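# Structural description and commentary
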Amino acid sequence: MSRQKNQEGETSDTPTGRTGILSERAKESISSKNPLQHGSNCRVFVVETDEIPVIWDNVLPLISLSQVEGNEMSEEDFFESLMNQELQLWVALEENELLACMVTRIVSYPQKRLLRIIFISGKDMDKWLENLPIVENFALTNGCTSLEIWGRKGWLKILKDWECTYHIITKDLTDRMH
């Protein structure tokens, strides 16, 4: 099942195929609101909330990659939080092809505000990673003083001007629950 918008703008669960290509309406709408682009023909931008149901089937296979044992959010949690504007959905497109998607959250602490990348997945990273300044500009525009990523240590090799400021260490307690 997938979420789809009807002509009246209502969202419903309906079976649809996954084409891997964004609808023309979604592409035109979201690309016109995000004119920044760096380097290649790849464009990176935040998806407008009303366009999320339109492209959900296209990004769902990438978001599904986050679904590992012990995950904090289900696919449905992602969708609901995106629609409630608690999270932001980003996509990287080259012509009609979806190369990657990313989910961010603006986090406010008493002493700082930051943009947290909580999920990122895709292919051809060399085509879209050069667009990271667009994400930085989004963070600055929203009053954030830094970016952080929740990810594997391998990101430190890729993100040369980033530093590891702390580690998140977890302990699973589900075996102690009754």
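Residues numbered from 1 in each chain as written. Predicted model: local features only at pLDDT ≥ 70, side-chain atom pairs only at ≥ 80, totals over all residues. Heavy atoms only, no water.

### Notes on the confidence of the model for the protein
Predicted coordinates in areas of low pLDDT are best not read in detail. Confidence in the prediction of the protein, expressed as mean pLDDT, is 76, and 74% of residues score 70 or more. The secondary structure element of the protein with the lowest average pLDDT is strand 2 (residues 11–14), at 34, and the one with the highest is strand 4 (residues 88–94), at 94. Confidence over residues 25–39 falls short of pLDDT 50; this stretch has 32 contacts with residues more than four positions distant or in other chains. (pLDDT = per-residue confidence, 0-100. Helix = DSSP H or I, 4+ residues; strand = E, 2+ residues; numbered from the N terminus. Contact = heavy atoms within 4.5 Å.)

### A word on the packing of aromatic side chains
Tallying each qualifying case throughout the model produces three aromatic pairs. Each ring, one from phenylalanine 78 and one from phenylalanine 119, has its centre 6.1 Å from the other, and the planes form 55°; the classification is tilted. Of this pair, phenylalanine 78 sits in helix 3 (residues 75–83) while phenylalanine 119 is found in strand 6 (residues 113–122), placing the two residues 41 residues apart along the sequence. Of the residues examined, phenylalanine 78 reaches a relative accessible area of 4% and is grouped as buried. The class of phenylalanine 119 is buried, set by a relative accessible area of 8%. Relative to phenylalanine 138, the ring of tryptophan 90 has its centre 5.1 Å away and its plane inclined at 85°; by these criteria the two rings are edge-to-face. Residue tryptophan 90 is found in strand 4, and its partner phenylalanine 138 is found in helix 5 (residues 132–141); the two are separated by 48 residues along the sequence. In this structure tryptophan 90 comes out as buried when scored by relative accessible area, which is 2%. (Phe/Tyr/Trp six-rings, centres within 6.5 Å; stacked < 30°, edge-to-face > 60°. Buried < 20%, exposed > 50% of the residue type's maximum accessible area, 1.4 Å probe, protein only.)

### A few points about the nonpolar core
Membership of the largest hydrophobic core comes to 22 residues, with the highest contact counts inside it found for Trp56, Val59, Phe78, Leu89, Val91 and Val103. For this core, the secondary-structure elements that each account for two or more residues are helix 2 (52–64), helix 3, strand 4, strand 5 (97–108) and strand 6. Looking at this core element by element, the count peaks at seven residues for helix 2. Residues Met102, Leu132, Phe138 and Trp162 belong to the second largest nonpolar core, which totals 21 residues. (Core = buried A, V, L, I, M, F, W, Y, C linked by side-chain atoms within 4.5 Å.)

### Examining the side chain of glutamate 94
With respect to the helices and strands, glutamate 94 occurs in strand 4. Assessed through its relative accessible area of 17%, glutamate 94 is described here as buried. Looking at glutamate 94, its side chain comes within polar contact range of the side chain of lysine 127, at 3.0 Å. If near-sequence neighbours (up to four positions away) are discounted, glutamate 94 is found in contact with Asn41, Cys42, Leu99 and Lys127. (Polar contact = N/O pair within 3.5 Å; in protein donor to acceptor, adjacent residues only side chain to side chain.)

### Some points on the packing of helix 2 against helix 3
It is the contact of helix 2 with helix 3, at a shortest axis distance of 11 Å, that shows an interaxial angle of 140°. Judged by the angle between their axes, helix 2 and helix 3 are oblique. Taken as a pair, helix 2 and helix 3 cross one another with a handedness that is right-handed. Between helix 2, through Ile52, Pro53, Trp56, Leu60, Ile63 and Ser64, and helix 3, the contact on the second element is made entirely by Glu75, Phe78, Phe79, Leu82 and Met83. (Axes fitted to C-alpha atoms, helices over the stretch in contact; angles between N-to-C directions. Parallel < 35°, antiparallel > 145°, perpendicular 65-115°, else oblique. Left-handed = near helix turned anticlockwise from the far one by under 90°.)

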